[in-house]
Amino acid sequence: MTFSELQSRINASKPLDFGTIFSNCIELFKKVWVQGLIMILITIAMLAPFYIIMYLPMVAMGIWNPEAFQDNQVNPLLMVPFVVFMLLFAFFAMVIAFGLKASFYRICKAKDLDLVEKDDYFYYLKKPYLVKVVKLALISYGISLLAALLCFLPIIYVMVPITLMNVIFAFNPEMDVRDIVKSSFDLGNKKWLITFGLIVISGLFAEVIGLVLCGVGLLITASFAYLPAYYIYKDSVGFEPHELPFE
C-alpha cells in the first residue's frame, strides 16, 4: 500500500464501534494467547541480562560498602554511568519491544484471516527491516521523552499515535519512516478517543484477569492489551485484496 492510498483510507474511514472491537479482541485473543505469551517470554529473556548488568554494580557496591547508600552519601559521579546506561537500555528495550510487537501483529493477522504463515517472532528484527525498526523506535523514544518533559497531558496524547505507529509499520514495512510516523498521527488524531479508551480498558482488563489467575496469569493476558490497535487499523484502513484469503 502506498502512502497516498493509506492516507485516503484513513480520511475515508468510518466511525468505529467500541463494543464490537472489544468483542473481536476477545475472540482473537482466544486464537493468539499462546503466541502472545511466547512474545512476552522472549521479551523478558532478551532484556533480563541487561537488567542484571545495569543493577549488578550497585548491588556489588552495597555488599562491599553497605554504608555507601546511607544518608545520600553516594558520589554523584558514580551515578552518571548508571543514568547513561539506563537511557541506552531503555532505547534498546524499545527497539526489541517494537520489533517483537510488529511481528506479533503479523501473526495476529494470519490467525485472524486464517492465513497459512509461520509464527516468526523475529520477523521484523532481521534484515531488511531492522534498520527501520531502530529508526522508528528512536523516534518513538524521542517523542516519549519530549512528552514526559512537557508533563502529563502530552504523554496521554502521544500514547495513541505511538501505539498505532507499531501496527502501521507491521502492515506497511516498505513505507518510508516519515510516512509511517505521519500516518500514525493522522490515524491517531482521527480515532484518538476510541483508541485511547480501548488501550486503557483492554490494559485494565488484561491486568484484572491476570491477577485473578494468581499473578502469573499476567504473562498470559498481557498481550491482550496489544489487540485493539490491530482492529483500529483493520477497521479503519483494512488490507489489500491480495492479502485476504479466498472466499
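Thresholds applied
- Residues numbered from 1 in each chain as written.
- Predicted model: local features only at pLDDT ≥ 70, side-chain atom pairs only at ≥ 80, totals over all residues.
- Heavy atoms only, no water.
- Helix = DSSP H or I, 4+ residues; strand = E, 2+ residues; numbered from the N terminus.
- Buried < 20%, exposed > 50% of the residue type's maximum accessible area, 1.4 Å probe, protein only.
- Patch = residues over 30% accessible without salt bridge, like charges linked within 9 Å, V, L, I, M, F, W, Y side chains within 5 Å.
- Areas by Shrake-Rupley, 256 points an atom, 1.4 Å probe, with all protein chains shown as cover.
- Salt bridge = Lys/Arg side-chain N within 4 Å of Asp/Glu carboxyl O.
- Disulfide = S-S within 2.5 Å.

We now examine the overall build of the chain. Scanning the chain from N- to C-terminus turns up 9 helices and 0 strands. Taking all 247 residues of the chain together, the buried fraction comes to 43%.

Next up on the list: a nonpolar patch on the surface. A contiguous nonpolar patch, built from F205, V208, I209, V212 and L213 and spanning about 420 Å² of accessible area, is present on the exposed surface. With respect to the helices and strands, V212 occurs in helix α7 (residues 192-212). Judged by its relative accessible area of 60%, V212 is exposed.

With that settled, the discussion passes to the pattern of salt bridges. Counted according to the given criterion, the structure contains 7 salt bridges. Its salt-bridge partner being E27, residue K30 comes within 3.2 Å of it at the nearest N-O pair. Separated by 3 residues within a single helix, K30 and E27 lie in helix α2 (residues 18-64), roughly one turn from each other. Between K126 and D120 there is a salt bridge whose closest N-O contact spans 2.9 Å. When its relative accessible area of 40% is taken as the criterion, K126 is described as partly exposed.

This part is about the state of the cysteines. In total, this model carries 0 disulfides according to the counting rule given. Not part of a disulfide, C25 finds its nearest cysteine sulfur in C108, a span of 9.3 Å. Residue C25 is classed as buried on the basis of its relative accessible area of 0%.

A separate point is the environment of F239. Mapped onto the elements, F239 comes out in the segment after α9 (227-236). Exposure remark for F239: the relative accessible area of 9% places this residue in the buried category. With 67 residues separating them in the primary sequence, F239 and N172 have C-alpha atoms 10.0 Å apart.

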